[in-house]
Amino acid sequence: MSPGPGQETTLRVNGVTHRLQVRPHTTLLQLLQDHLGLNGPKRGCDSGGCGCCTVLLDGRPVYSCMVFALGTEGQEVTTVEGLGSRDRLDPVQEAFVEVGAIQCGYCTPGIIMVAKWFLERDRKTAPEEPEIRETLAGNLCRCTGYAKILQAVRLAAGRLEP
Amino acid sequence: MPFCPQKYLIAGSPQEASRILDAEGERAAVVGGGTALRGFASRGLLNHVEVLVDLQRAGLRYVREEAGWVTLGAATRLWELEQAHSLSSPAYRVLLEAVRSLPVQVRSLATVGGSLCTAHPSFDPPAALAALEAQVEIVGPSGTRSLPVQGFFKDFLVTDLGRGELVTQVRIPKPPAGTLSAFLRMARNGADISLVNAAVRLAVGSSSGSPCQGVRVALGGVGPTVVRGLETEAALEGRSLTKASIETALGALDRDIRPWDDFRASASYRREIGKVLVRRALAALAAQHVKES
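Before going into details, it helps to say that this report is about the structure given with it. Keep in mind it's a predicted model, so treat the numbers as computed, not measured.

1. Describing the interface of chain B and chain A
So, step 1. Taken together, the contact pairs 33 residues of chain B with 32 residues of chain A.
So, step 2. Regarding the contact of chain B and chain A, the summed buried area is about 2,600 Å², with carbon and sulfur atoms giving 61% of it.
So, step 3. Our count for the chain B to chain A interface comes out at one salt bridge.
So, step 4. For the pair chain B and chain A, the number of links is nine residue pairs in polar contact (both at pLDDT 80 or more).
So, step 5. Elements that contribute at least two residues to the side of chain B that touches chain A include exactly strand 1 (7-10), helix 2 (35-42), strand 3 (51-54) and helix 5 (104-109) of chain B.
So, step 6. Here the element with the most residues in the side of chain B that touches chain A is helix 5 of chain B; it accounts for six residues.

Structure below.
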């Protein structure tokens, strides 16, 4: 079978509304990468096991490789490109850079999105390590061994404004 | 291009979804959260699917409390169960712990209905719903019907759904007062599905050494479908929770389960871990009871 014809959908990505023609099989990850040129969310397993495609959908972390683009009508997507800017990194990004929690960088955007959601939700300035580990359970990293990642999340938490 | 649906339809009601499913048969697949479906699609298992039917706007997203029941709409996302006031008592902890064992990204998308309809024996919410004796409600061309979660699972990845049918809601009967519950899982890592899981629910009277009542034990990953440990339950019913009664119950568990070998774990490992998890769950409930009485 050849791909089905495009259907129209409208969604907001990083604060900008887009009206796009998208084929039925297209995932949100493919929409972000191929239609909008956003390479922050990465393609890893493409089947919801590694987490490097993680974005926020209506404020909640999701595997964008598992979301059908045509199911996101009217919803808000935030990718890592929507946090901070080149001149002024988001505090979570800043913390990752500062402690050296980035090696190849492939898992980093996905982990930062989950960390951002976690820190903003509870606003705990000193989260316990087991809780951070559990929150990041859906994100795999092959390079760092996670120690620096946990350190970065704790550092970012400590810098949360009350 | 292997996975090539031709149409993505957003159903406005369960009846509309049923009509599409009846018309398309095997050519249609339902999208709840899409998590299991996308997983199968990326493994080349859904190349025959031409129509996707999305249920997110079909009015099936709710948690309601009715006389004697808590009712969950089939399209309710799993994370919404964590926030539901109706599920906050210890009796439902088994379901919330099952949900919390999943990665946050899955909880954001996966639905109650999807979790059941995938009929994978290692999924976590179905074992909890089996221990809670949930009823599955189905709408189809010949009307509405209802059956217990246990009867809904026919075989590995096979449900009782016929052509044109879909699950609309899951009803949980309110457990007896004083019911405690627990859920435990064993997995290779936090992102993988469970190797084995155990969901236990029981009510214990207020004095120490009181007998258990309403014992319900369900396990995943120890057979082609979620297993209710009927002999295990019978071994504990009316007895107090002691080391001895727990070990007797675990002997009965051996007869209840039918694990198999697969690439994740061997049958003997699943059998052993099943017993460990049930033992730990019962011990946790015994400790919880002492604390709360």
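2. Things to note about the sheet that holds strand 3 (residues 54-57) of chain A
Residue and element names in this part refer to chain A.
So, step 1. Read from one edge to the other, the open sheet built from five strands follows the order 2-1-5-3-4, with strand pairing classed as mixed. Of all strands in the sheet, those with a lone pairing partner are strand 2 (16-22) and strand 4 (60-63), marking the two edges. Strand-to-strand twist in this sheet, taken as the mean axis angle between neighbours without regard to direction, amounts to 40°.
So, step 2. Taken together, the seven bridges between strand 1 (residues 7-13) and strand 2 define a ladder with antiparallel strand orientation. Of the residues in strand 2, the one forming a bridge with L11 is H18.
So, step 3. The sheet contacts of helix 1 (residues 28-35) involve strand 1, strand 2, strand 3 and strand 5 (76-78), and relative to strand 2 the element is tilted by about 105°.
So, step 4. Lying over the sheet, helix 3 (residues 108-122) contacts strand 3, strand 4 and strand 5, oriented at roughly 35° with respect to strand 3.

Criteria and cut-off values
Residues numbered from 1 in each chain as written. Chains lettered and ligands numbered in written order. Predicted model: local features only at pLDDT ≥ 70, side-chain atom pairs only at ≥ 80, totals over all residues. Heavy atoms only, no water. Contact = heavy atoms within 4.5 Å. Buried area = accessible area lost by both parts, 1.4 Å probe. Salt bridge = Lys/Arg side-chain N within 4 Å of Asp/Glu carboxyl O. Polar contact = N/O pair within 3.5 Å; in protein donor to acceptor, adjacent residues only side chain to side chain. Helix = DSSP H or I, 4+ residues; strand = E, 2+ residues; numbered from the N terminus. Pairing = 2+ DSSP bridges. Axes fitted to C-alpha atoms, helices over the stretch in contact; angles between N-to-C directions.

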